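These are the residues of each chain, in order.
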Amino acid sequence: MKLSGTHTFSAPPDKVWTAINDPVILAKALPGCERLEPDGPDRFKAVVRFGLAAITGKYAGSVELAEKVPPHSMVLKMEGKGIPGFVKGSGRLELRAKGKQTELSYEGEAQVGGMIAAVGQRMIEAAARKIVSQFFEKFAAQVSGK
Amino acid sequence: MIPSSFEYQAPRTLEEALRLLERHGDEAKLLAGGHSLLPLMKLRLASPRFVIDLGKLRGMSYVREEAGVIAIGAMTTHAEVASSELLAQKCPLMVETAEEIGDVQVRNRGTLGGSLAHADPAGDYPAAILALDAEIIAATSSGTRSIPAREFFVDMLTTQLRPGEIITQVRVPVQKPRTGSSYVKMPQPASGFAIVGVAARLSLAAGGKIEAAAVGITGLGPKAFRAEAVEKALTGKKANEKLFADAAKHAARGIEALGDLHASADYRREMAVVYVRRALNAAWARATGKKA
Amino acid sequence: MAMALASKFIGKSLKRKEDPRLIQGLAHYVDDIVLPGTLHAAFVRSPYAHARIRSIDTSKAKTAPGVVAVLTAADIGSSIGTVPCAAQIPDMKAAPRPVLAIGRVRFIGEAVAVVVADGRYAARDAADLVDVDYEALTPVIDPEKAIAKGSPVLYEQYKDNVSFRWELEGGDVKKAFAQADRVVKQRIINQRVIPVAMEPRGVLAEYKPGEKSLTVWSSTQIPHLLRTQVAAMLGTPEHSVRVITPEVGGGFGSKLNVYAEEALAGYLAMELGKPVKWIESRRENFQTAIHGRDQIDDVELAVKRDGTILGIRCRIIADLGAYYQLLTPLIPTLTGLMICGSYKIPAARIEITGVLTNKMATDAYRGAGRPEATYLVERMLDLAAAELKMDPVEIRRKNFPAAKDFPYATPTGLIYDSANYQGALELMLKKTGYANLRKEQAKLRKQGRYMGIGVSTYVEICAMGPSSAMPAGGWESATVRIEPTGKVNVLTGASPHGQGQETSFAQLGADLLGIDPEDVLITHGDTSIVPYGIGTFGSRGTAVGGTAVYKALVKLREKLSLIAAHLAGAEPGEMVFEGRKIYSKEQPKKSVGIQDCITAAYIAKTLPPGVDPGLDATVFYEPTNFTFPFGAHLCVVEVDAETGDVRLQKYMAVDDCGNVINPMLVDGQVHGGIVQSVGQALLEEAVYDEQGQLITGELTDYAIPRAGDIPWMETARTVTPTPVNPMGVKGVGEAGTIGATPCLANAVVDALAPFGVRHVDMPFKREKIWLLMHDGKRAAKQSSGPAGAARRSKPAKPAKRAAKNSAKKSAKSRRAR
């Protein structure tokens, strides 16, 4: 499943960059994030409850920031497993200054395995897009709140 | 196909149900028929700690006329809606829509309130509820409020309902004279859910001009919606097949369509056009007293 | 010998003896059997199609409430053998499947651990607590990519994923293609489907340590073969294993197998000393019971200008899945054997590449390799007819062997027993008013309505089969026992599970003995009661199993004839059995009641000299050949140009399965087969995504036909008895899935002909059809005439790819927004 899009933040790229690298902000932005703990450089252990209304699943796994080119681009990797199966995603983020704002574009791929994949294909993509946009909305709030 | 363990509670009164819901909050799910909730639980995609069964509530299942409005109890089953004489006479769109839901077993267990609260993006009722400008009555322990259908659906599986609220009633208007309605859908071949479902309502003026047009579409996007561009293209015009065909072209305007194994987003958009046109033609035929 | 029998019941549509218990809910399936102290098993299954297992932590699960045991492959060690595959192809790569995955998982749903608890709920809860650490490996999903250079491999010990290559050539193929006026080419995809029996699998095992006996109740089509294999897998003496097949809620080949779960249940019962039950969920059934079909067929047909077929060539890529089940590699070879269909094709060449992929194994699904053969040859006939501008009926007529040509030898080495293909076709044409249908089609086309007429004339290979051609014996057994009170027990080694042999065999018994069908009870599916048998599959129940019953009945008739002649004072000779009496054909007045003869056999005071007491006969019948039923099907569809919706409007099946014992049962088999064909043609497809996730994982996404999708099906028959068995019966269990799928496909392509479509792959889902119609419209607008014709002669895009393309397009347009 491919996911892509752009979001605009009312802060310059270096500020957005710092925020992405801040585990406290990441934890607040990640929908359903119950825990995010450092686990080596640019790597975090995470427990996340992804869901949509009645449908929820708890996943334990990792978040990793790789191929960092500050403050321009990085690859954000996530991996988790839980009772409904596993989720795995990796996306390339690119930051571009647009006046006083930052345009963040992302392009990535997500993979879902197990029960959700077997029965959820009708809503899976829309749900994933929704979770991603929730993330950026919350993230934007965190960035502008700073 | 075995759910995680949960505690089952079956209140007898609405007050008791509201109290339980308030107490358990997020950890509780309401069981109102169960044809969406129970499969999710059996697959362990939903694992509520408490299941509050509304099936034992007294006085939540009825269809009655109240001053120009038909009030339908939230726990009225699809089968009861489909077989209601009162609705058949005064609001046939509800009957036609209920007949299209699932299969006999689903219709015998599933309820109007349960279906609306679940807000499946491909559910049948939302299209009709929207086209009828129905009102959804929701209760909390501190009172009730009325939510217009147009505001009710927020996103996929997400409604305006607040934590602690229970739908108690749905109010649909009595159909006006020279009005016709129709619900048509392309069912997903396995589940029967709508790939595209269209509920249309047309009211004609004496000269044959369209006085009011309402088109609710389900299945196409993450939530059911009113096709306002279609309605605008119809209102005030003289009804004819060409008008419907032209207006239907706006069916998917501004909608981010869903795509899946059974129908891509592009195909759904195309089918929305076809089904809107078909629904409009059928509604028109009925408004003019022709069979369709 | 023809049926020179009294036929008071044979040939009549008796109501099924099985039905009252089934429709009243009085039948017993595996899950209805409740033994005290039963433990329940739940499996931990892989969410990955391909992964290395780094570690499995069962500690939490082991301490969960109610849990008795949690086992992984390490706990089992070498106590249980691998899942058996009875079909061997020379130089085939071994792909042994352990009952629980060892170190690596190779398909979604592969069992990694089993949890046993004192209740089904406790077992299921604890399964969630088993923590498996997987290292994902690149999945091998597309069979063509799987055999391309550089593909990751499923088995590290091999350099590629080719399981086997198999070739068959007969006749002068080179010459045939050199002499052809035209070579018609097409890639034809026969998609993977799921059998979807109403009852998923289920097994219950009980071990009695005192007697050292293991009893296994399983929902299977092959109780005896299962007993032999389970005993071998567990290293237990076969005579102390008993397999009981209670009611089986549908098999369609999916229960013609020996599964890991069956052996595991036996093992657990022995280890834990308590009965162990496992009942499969629908999702497990979809992921881990065998799938069917899944071939890519590149076919070439050499034809003369007048429609005469000179030869056929076919390259088959058969997707076998990750491991072999009982008959996995054999199935595509059946396609090869039957590739000439019902036509006089003098030369044929088949090359099969069996491919290992990260999916569930394919195996015998109703028809098992023959629907694929019929499908491709029937599609090719229509393609050739279209290129030669012939009517599809004409090209078939032109290429049938004549009735006098039988027995007819095919270049693939088969001997077709008996047939009159023309007869079936002509009857079908007459019954459907074919010429008028074509006129109606022309009329509708002018109105912009797209009606399609599909014809298929099929032959199938049934009554499996002579043992020389079968992996595990092809004979069948029967015991007929006439009890002292005159009630008759028939024990059959075939294991009917819905086909209706409890009725049709009773009809045989009644007519051969001159008694009522109510007095004949059929017993099957218990290895401790019934002599060893092969089972019910391959349309063999009546033609092989029934023949064994017939022969045992004839033996008892012979004995009763001697007794009757003796008692009636008649000369020993041909005796007539009728109305509970036995009388001399020559001297009809010399008559005696059958009960008197039965009593005499048991009291044993008045038996003729040399006749032993008792009335019990057992026969093991070995057929000399397969049988080859055939038929002609026609259907009418209409395609909705606005939506691509295909509506089936008319279906006519003329089938010839030789002599018929119960016409209603034959109709029922034909109806059911047609409906399953409608499923494959219009709706069904097991879809694995690129990661090997089975995304049609439940009945919410895997569409099967419902009553409302099916019009009234008309059936008719011609009767060409087979010389292969004394009753002249051929078998009909798979005819529907063999004849109907190409018939439906030909109709859909015929409907789409005005859009320049010459082929489209199943399933004919709305969107796929809609795209073809709309691309066609655009093409027609851009240019008419020669360009359109050129388009027609170009092979159509494989539909899978077309669908992918459209998916890509929508992804792009979404990004653009």
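Refer to the structure above for everything that follows.
Residues numbered from 1 in each chain as written. Chains lettered and ligands numbered in written order. Predicted model: local features only at pLDDT ≥ 70, side-chain atom pairs only at ≥ 80, totals over all residues.

Draft legend 1. Inspection of the overall build of chain C at higher detail. A tally of helices and strands in chain C yields 22 helices and 28 strands. On C-alpha atoms alone, chain C measures out to a radius of gyration of 28 Å, which is about the 28 Å that the 2.2 N^0.38 rule sets for 817 residues. Viewed in the frame of its principal axes, chain C has a C-alpha envelope of about 95 × 70 × 50 Å. Within the span of chain C, comprising 817 residues, buried residues form 58% of the whole. At a minimum sequence separation of 6, the contacts of chain C that also span at least 24 residues come to 80%. (Helix = DSSP H or I, 4+ residues; strand = E, 2+ residues; numbered from the N terminus. Rg over C-alpha atoms; globule rule 2.2 N^0.38 Å. Buried ≥ 20, exposed ≤ 12 C-beta atoms within 10 Å, placed from the backbone. Contact = placed C-beta atoms within 7 Å.)

Draft legend 2. Looking closely at the interface of chain B and chain A. With 15 residues of chain B in contact, the opposing surface of chain A contributes 17 residues. Of the residues assigned to the side of chain B that touches chain A, the class counts are 11 nonpolar, one polar and three charged. (Nonpolar A, V, L, I, M, F, W, Y, C, P; charged D, E, K, R; others polar.)

Draft legend 3. Representation of the pairing of strand β7 (residues 143-148) of chain B. Residues and elements named next belong to chain B. Of all six residues making up β7, only zero are buried, and the element is barely covered by its neighbours. Relative to β7, strand β6 (residues 135-140) is paired through six bridges, and the arrangement is antiparallel. The residue bridging glutamate 135 from the neighbouring strand is proline 148, located in β7. (Pairing = 2+ DSSP bridges.)

Draft legend 4. Local environment of the interface of chain B and chain C. Opposite the 17 residues of chain B that make contact, chain C presents 23 residues. The biggest single contributor to the side of chain B that touches chain C is helix α12 (residues 265-287) of chain B, with five residues. Of the residues assigned to the side of chain B that touches chain C, the class counts are 11 nonpolar, five polar and one charged.

Draft legend 5. Structural context of unusual backbone geometry. Looking along the chain, the bond that leaves Met464(C) and enters Gly465(C) is cis, with omega of -25°. Take Gly465(C): it is sitting in the loop between β18 (450-459) and β19 (476-482). Here Leu157(B), not a glycine, exhibits a phi torsion of approximately 60°, which is positive. Leu157(B) sits in the buried class, given 24 other C-beta atoms within 10 Å.

Draft legend 6. Summary view of the sheet that holds strand β1 (residues 7-9) of chain B. Residue and element names in this part refer to chain B. Across the sheet, three strands lie side by side as β1-β3-β2; this open sheet has parallel pairing. Edge strands, defined here as strands with exactly one partner in the open sheet, are β1 and β2 (28-31). Pairwise comparison of adjacent strand axes, ignoring direction, gives a mean angle of 25° for this sheet. Both β1 and strand β3 (residues 50-53) contribute to a ladder of three bridges, which runs parallel. (Axes fitted to C-alpha atoms, helices over the stretch in contact; angles between N-to-C directions.)

Draft legend 7. Representation of the environment of Ile108(C) within the structure. All names here are of chain C. Along the chain, isoleucine 108 falls in the loop between β4 (104-105) and β5 (111-117). Given 32 C-beta atoms within 10 Å, isoleucine 108 falls into the buried group. Sequence spacing of isoleucine 108 and aspartate 57 is 51 residues, and the spatial spacing of their C-alpha atoms is 20 Å. Excluding anything up to four places from it in sequence, isoleucine 108 contacts Ser46, Pro47, Ala49, Gln287, Gly692, Gln693 and Leu694.

Draft legend 8. Main features of the sheet that holds strand β2 (residues 51-57) of chain C. Residue and element names in this part refer to chain C. Within the open sheet, the three strands sit side by side as β4-β2-β6. Their pairing is antiparallel. Pairing within the sheet leaves two strands with one partner each, and these edge strands are β4 and β6 (131-136). Pairing analysis gives six bridges linking β2 to β6, with the strands arranged antiparallel. In the sheet register, arginine 52 faces β6, and the bridge partner there is glutamate 135.

Draft legend 9. Region of the structure containing helix α5 (residues 92-99) of chain B. Of all eight residues in α5(B), six are buried, a share of seventy percent or more. Those residues of α5(B) not exposed but buried are Leu93(B), Met94(B), Val95(B), Glu96(B), Thr97(B) and Ala98(B).

Draft legend 10. Just the packing of helix α15 (residues 501-513) of chain C against helix α16 (residues 541-568) of chain C, in detail. Residue and element names in this part refer to chain C. Contact geometry of α15 with α16 gives a least axis separation of 10 Å together with a crossing angle of 25°. Put simply, α15 runs roughly parallel to α16. Taken as a pair, α15 and α16 cross one another with a handedness that is right-handed. The residues of α16 that touch α15, namely those facing Gln501, Ser504, Phe505, Leu508, Gly509, Leu512 and Leu513, are Gly541, Thr542, Gly545, Gly546, Val549, Tyr550, Leu553, Val554 and Arg557. (Parallel < 35°, antiparallel > 145°, perpendicular 65-115°, else oblique. Left-handed = near helix turned anticlockwise from the far one by under 90°.)

Draft legend 11. View of helix α12 (residues 392-399) of chain C. Residues and elements named next belong to chain C. Those residues of α12 lying buried are Pro392, Val393, Ile395, Arg396 and Asn399. The buried residues of α12 occupy an angular sector of 165° when the element is viewed end-on, so they sit on one face. Buried residues belonging to α12 abut β14 (309-321), α11 (370-388), α13 (421-432), α14 (434-446), β18 and α19 (735-752). (Arc of directions from axis to C-beta.)

Draft legend 12. Molecular detail of the packing of helix α18 (residues 663-683) of chain C against α19(C). Residues and elements named next belong to chain C. Their axes nearest at 7 Å, the elements α18 and α19 cross at an angle of 45°. As far as their axial angle goes, α19 and α18 are oblique. Seen along the crossing, α18 lies across α19 with a hand that is right-handed. Residues Gln669, Val670, His671, Gly672, Gly673, Ile674, Gln676, Ser677, Val678, Gln680 and Ala681 of α18 lie in contact with α19, whose contacting residues are Ala735, Gly736, Thr737, Ala740, Thr741, Leu744 and Ala745. Split into classes, the residues belonging to the contact of α18 with α19 amount to eight nonpolar, 10 polar and no charged.

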